Amino acid sequence: MCGIVGIVGKLNACKSALNILKNLEYRGYDSAGLAYLQKNHLNTIKALGKLNKLKSKFEVLEEDIKDISIAIGHTRWATHGKVLLENTHPILSENIAVVHNGIIENHDEIRLELKEKNVVFETSTDTEVIPHLLSISMKNTNNFFNACVSVVEKIEGAYAFAAIHSLKEEIFVARKTSPLVIGLGDGYNIVGSDAQSISHMVNEVIYLNDGDYAILNKTNFQIYDLNNNEVKREKINIKSNLNFLNKDGYKHFMEKEIHEQPNVLINTIGSLVREENDLNIFPEKMNIQKNFGITICAAGTSHYAAMVGKYWIEKFSSIPVNVELSSEYRYRRPATAMYSCMIVISQSGESIDTLMAMREAKRLNLTTTAITNVENSSIDREADYSIFTHVGPEVGVASTKSFTSQLIVLLSIAMKIGIYNKKITSEKYQSFIQNLKLVPNFLSKILSLNEEFINLAQSIKNSQNILYLGRGILYPLALEGALKLKELSYIHSEGFAAGEMKHGPIALIEEGLPIIMFLTSDGIEEKSISNLQEALARGGEVFLISDQKNINKISFIENKVLIPSFHDTWNDVFSPIFMSIPAQLIAYHVARERGTDVDQPRNLAKSVTVE
Ligand code: M6R
């Protein structure tokens, strides 16, 4: 989603803003721009497409604008209005420039009002109402700060914006739901959409709370809460660390993030397993109650993690679990009498659908637990209790290491509730913890089969449609495999529960249709194999990913990749974590073969902060 930056008090501000926008690229965007103040005039540089286009335009002007010490910048992920230069931020009105993330929900109404005052609109964005409102208000008040506050009081929606004007070097910022961070530099101040993007320039940051607004100049800043009271917010020390922007010799961030899973999952597991061989998870804080269920809300890949979590939690703790898409939960009227708590899962901690579902849960008096990768993200800050995945920044838009880490946290939650509710023995609990520690090393063995997945990718790269099948706990993996493939390669792919094929989807099978199935030895493998036979009989080209234990049962399948089997008791339990690697590698290699933009697929954003 859109990224925002603002700098005041630092020479060559446009260059610094460009560098920060580079760090925000991962959020996804389709155009970018800068506005700066030169001799009491606001100028802009804008470009469609990737940041190197904006950089080229900036470089032509660089000599002339080196002395500039105030700038705002933006990467735009189009929502209202096409990807056109005129819709690219910053958006100007007379002597005001604005960059904005999120949506102004009452923009239509405001547009009408402004048109009646003869304001001429030049873009199709919802954003444009902000600079126009500011210009009008400035004429009335002649005070930039007061004008901005009056705009904050008028606009509705989930947004963050930054505004500058041509008379004085100061930046106004406001946030409602969308994230915004202030960075405190030596003689300058910065705002950015996240702390990491500005961490190379500042040691201290301040996260604005929901509803906060602030005014910054080069040496000072004041923050106000939604009741217009001036407030002090905590300053947080951050390390200057941009290693996450290094591909470590891999061609894509996604490739790096797939291959670093054995290393980073050690951090996830390390944070979960306490020295005395207990799990650092607190059912009391989650408000787990014997006779009440848990709702899990999430979006996209995190939602598929939730679906796997349901299998585990119900199996090991007997607590009923209801899994919902965040975007659906928030707009229906959920009956919560049978639930004591909600778990939300969000890599970024910023997905607005999930944040809003969590707020709805709070409103309904459910205790909320967040599983997230980003400390101090909006979801972390608002949850009653957070469990972090600790896998470091994920730059590729496709969720990879965050998915496997979410699975590890969910399985650990299931086991912890199991022992807490006396549904599993302490031997089983200890055995789980011992085996969990072996997972990172085991994933390295699966990753070493990379070549086999490259071959598989080459066989299917030209297909127009691909089906994924899985049964039981691997059904959500079929959904995840299909999502990964479609978002990266743009091939139409769908995941199905293998047992459901005969109820409809089997009609799709025709000669040569690739069908990828995930299979483990879970006691229902014979049923899954029958479903495969049905697909083969109708001309489907089956590619089977199975663990070695099934080797004798699947000799009739020509195209298969056998992954090693894990320790007996835990093989099928851990199988969704293991099968994630093939799902990721297949999608990655197909996309690479097809030459698509692996790290920033078209139309997608890393952090989805609009509804
Ligand atoms: O940051 P979140 O986990 O809340 O993001 C949820 C989805 O937007 C995300 O998983 C998305 O589906 C990924 N692109 C999948 O690879």
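Definitions and cut-offs
Residues numbered from 1 in each chain as written. Predicted model: local features only at pLDDT ≥ 70, side-chain atom pairs only at ≥ 80, totals over all residues. Heavy atoms only, no water. Pairing = 2+ DSSP bridges. Helix = DSSP H or I, 4+ residues; strand = E, 2+ residues; numbered from the N terminus. Expected span 1.5 Å × (residues − 1). Bend = angle between axes of the 7 residues up to and from the residue. Buried < 20%, exposed > 50% of the residue type's maximum accessible area, 1.4 Å probe, protein only. Axes fitted to C-alpha atoms, helices over the stretch in contact; angles between N-to-C directions. Contact = heavy atoms within 4.5 Å. Near = heavy atom within 4 Å. Polar contact = N/O pair within 3.5 Å; in protein donor to acceptor, adjacent residues only side chain to side chain. Areas by Shrake-Rupley, 256 points an atom, 1.4 Å probe, with all protein chains shown as cover. Nonpolar A, V, L, I, M, F, W, Y, C, P; charged D, E, K, R; others polar.

Trainee: Lay out the pairing of strand E13 (residues 221–224) with the relevant residues and their values.
Mentor: Note that strand E12 (residues 213–216) and E13 share 4 bridges and pair antiparallel. From the neighbouring strand, Tyr 213 faces E13, where its bridge partner is Tyr 224. The hairpin turn running from E12 into E13, its antiparallel successor, is 4 residues long. In this sheet, strand E14 (residues 230–231) lies alongside E13 in antiparallel orientation, the contact comprising 2 bridges. Along E14, the bridge assignment pairs Ile 223 with Val 231. Counted along the chain from E13 to the antiparallel partner E14, the turn is 5 residues long, and its residue Asn 228 has a positive phi close to 70 degrees.

Trainee: Summarise helix H20 (residues 571–594); cite the residues concerned and give the values.
Mentor: Helix length check: H20 (24 residues) gives 34 Å between terminal C-alpha atoms against 34 Å at 1.5 Å per residue, within 8%. Along its length, H20 reaches its greatest deviation from straightness, about 35 degrees, at Ile 577. Taken across its 24 residues, H20 has 21 buried, putting it largely inside the fold. Following H20 by one or two positions, Gly 595 has its phi on the positive side, about 70 degrees.

Trainee: An account of the sheet that holds strand E21 (residues 465–470) is needed here, citing residue identities and associated values.
Mentor: On the basis of which strands lie adjacent, the open sheet formed by 5 strands has the order E22-E21-E23-E24-E25 and parallel pairing. Sheet topology places strand E22 (492–497) and strand E25 (559–563) at the edges, where each strand pairs with a single neighbour. Pairs of neighbouring strands in the sheet enclose a mean axial angle of 15 degrees, with direction left out of account. Examined bridge by bridge, strand E24 (residues 541–547) and E25 share 5 bridges and lie parallel to one another.

Trainee: Would you mind going over the environment of Lys 218 in detail, with residue names and values included?
Mentor: Relative to the elements of secondary structure, Lys 218 occurs in the loop between E12 and E13. Given the relative accessible area of 46%, Lys 218 is considered partly exposed. Here the alpha-carbon distance between Lys 218 and Ser 69, two residues 149 residues apart in the chain, equals 9.0 Å. Contacts of Lys 218, omitting those with residues within four sequence positions, involve Val 8, Gly 9, Gly 187, Tyr 188 and Asn 189.

Trainee: So what about the site of the ligand? Which residues, and what values?
Mentor: Looking at the ligand, there are 15 residues lining it, with Ser 302, Ser 346, Ser 348, Ser 351 and Glu 487 nearest. Between the ligand and Thr 301 there is a distance of 3.1 Å, counted from an oxygen atom to a backbone nitrogen or oxygen. Val 397 has a polar backbone atom sitting 3.3 Å from a nitrogen atom of the ligand. Protein chains bury 91% of the 410 Å² of accessible surface belonging to the ligand in isolation. Listing elements by their share of the shell around the ligand, those giving two or more residues are helix H10 (300–317) and helix H18 (475–489). Here the shell around the ligand is composed, by residue class, of 5 nonpolar, 8 polar and 2 charged.

Trainee: Before we move on, can you summarise the pairing of strand E7 (residues 157–165) with the specific residues and values?
Mentor: E7 sits mainly inside the fold: 9 of its 9 residues count as buried. Residues Gly 157, Tyr 159, Phe 161, Ala 163 and His 165 of E7 are buried on one face, and the alternating residues Ala 158, Ala 160, Ala 162 and Ile 164, pointing to the opposite face, are buried as well. As judged from the 9 bridges shared by strand E6 (residues 96–104) and E7, these two strands associate in the antiparallel manner. By the bridge assignment, Val 98 is partnered in E7 with Ala 163. Judged from the 4 bridges that link them, E7 and strand E8 (residues 171–176) form a sheet pairing that is antiparallel. Counted as the bridge partner of Ala 162 is Val 173 from E8. From the end of E7 to the start of E8, which pair antiparallel, there are 5 residues.

Trainee: Residues and numbers for helix H4 (residues 129–141), please.
Mentor: Along its 13 residues, H4 runs 18 Å from first to last C-alpha, staying within 8% of the 18 Å computed at 1.5 Å per residue. Those residues of H4 that fall on the buried side of the exposure criterion are Val 129, Ile 130, Pro 131, His 132, Leu 133, Leu 134, Ser 135, Ser 137 and Met 138. The secondary structure elements touched by the buried residues of H4 are strand E5 (91–93), E6, helix H3 (107–116), helix H5 (144–154) and E7. Downstream of H4 by one or two residues, Asn 142 has phi in the positive range, about 55 degrees.

Trainee: Can you lay out unusual backbone geometry for me, pointing to particular residues and giving the numbers?
Mentor: Following His 89, the chain continues to Pro 90 via a peptide bond in cis, the omega torsion being 0 degrees. Examined against the element boundaries, Pro 90 turns out to sit in the loop between strand E4 (70–76) and E5. In this structure, Asn 40 takes a positive phi of about 60 degrees despite not being glycine. Relative to the helices and strands, Asn 40 is located in the loop between strand E2 (31–38) and strand E3 (41–48). Of note in the backbone geometry, Asn 365 takes a positive phi value of approximately 70 degrees without being a glycine. Examined against the element boundaries, Asn 365 turns out to sit in the loop between helix H12 (352–363) and strand E19 (367–372). What makes Asn 365 exposed here is its relative accessible area of 69%.

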